Amino acid sequence: MAEVIASTSNPRIKLIRSLQHRRDRNVTGLSWVEGIRPSIEAVQTGASVEALVVCRDLLTSEFATEAADAAEAAGTTIIEVTPAVFRSISDRDGPQGLGALVKQRWARLEDVTVEMGQCWVALVSVADPGNLGTILRACDGANAEGIILLDATADPYDPSALRAS
């Protein structure tokens, strides 16, 4: 079991908190995903999870506890935190005690190969991150290969976009 971080001024905690800002997400290439379902999905879908942040005192789901333990056994870094520390990085009223620090995945348009029969969605000037997240969820439901963001579009790694997707 790892040491439990009890200070909100710990450098790793400060980094996670900074990811609320697009500038810091762009600089680090990281994003913060909070909640049981999105965190476990990040691990299960093969996203590049830098670490899972776990607060065992807030984590009441046996499924989530087992998933976090399995991820740790598979080599995923676990950052254990106290309830106060988890609440300091949470943007939810009732934090669930599980979050993931995930490396963003981007591709340049010229590096994308489109094959016959694939579905891609191009978006221009989507201003609201929550709306973008809803579109991402619809694309997932339609088995789209991906989205192409054109012009000044909201950040798909914005916490509001991730929550909506």
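As shown above, the structure is provided for reference.
Residues numbered from 1 in each chain as written. Predicted model: local features only at pLDDT ≥ 70, side-chain atom pairs only at ≥ 80, totals over all residues. Heavy atoms only, no water.

Draft legend 1. Region of interest: the nonpolar core. Formed by 18 residues in total, the largest nonpolar core has its most connected members in Leu52, Val54 and Leu98. For this core, the elements supplying multiple residues, two or more each, are α3 (36-44), β3 (49-54), α4 (62-73) and β5 (98-103). Take this core: its biggest share by element is 4 residues, from α4. The contact partners of Val54, leaving out residues within four places of it in the chain, are Leu59, Ala68, Ile78, Ile79, Glu80, Val81, Gly97 and Leu98. Ranked by size, the runner-up nonpolar core spans 16 residues in total, among them Ile13, Leu19, Val53 and Leu101. (Core = buried A, V, L, I, M, F, W, Y, C linked by side-chain atoms within 4.5 Å. Buried < 20%, exposed > 50% of the residue type's maximum accessible area, 1.4 Å probe, protein only. Helix = DSSP H or I, 4+ residues; strand = E, 2+ residues; numbered from the N terminus. Contact = heavy atoms within 4.5 Å.)

Draft legend 2. Up close: the pairing of strand β2 (residues 30-34). The element β2 is largely enclosed, with a buried count of 5 among its 5 residues. Of the two faces of β2, the one lined by Leu30, Trp32 and Glu34 and the one lined by Ser31 and Val33 are each fully buried. In this structure, β2 lies alongside β5, joined through 5 bridges in antiparallel fashion. The residue bridging Trp32 from the neighbouring strand is Leu101, located in β5. (Pairing = 2+ DSSP bridges.)

Draft legend 3. Molecular detail of the pattern of salt bridges. Counted by the stated rule, this structure contains 10 salt bridges. One salt bridge connects Arg37 with Glu41, and the closest N-O pair in it is separated by 3.2 Å. Of this pair, Arg37 and Glu41 both sit in helix α3, separated by 4 residues, roughly a single helical turn. By relative accessible area, Arg37 is classed as partly exposed at 47%. Look at the salt bridges and you will find they share partners, linking Arg22, Arg25, Asp155 and Asp158 into a network. (Salt bridge = Lys/Arg side-chain N within 4 Å of Asp/Glu carboxyl O.)

Keep in mind that these numbers describe shape and distance, not what the molecule does.
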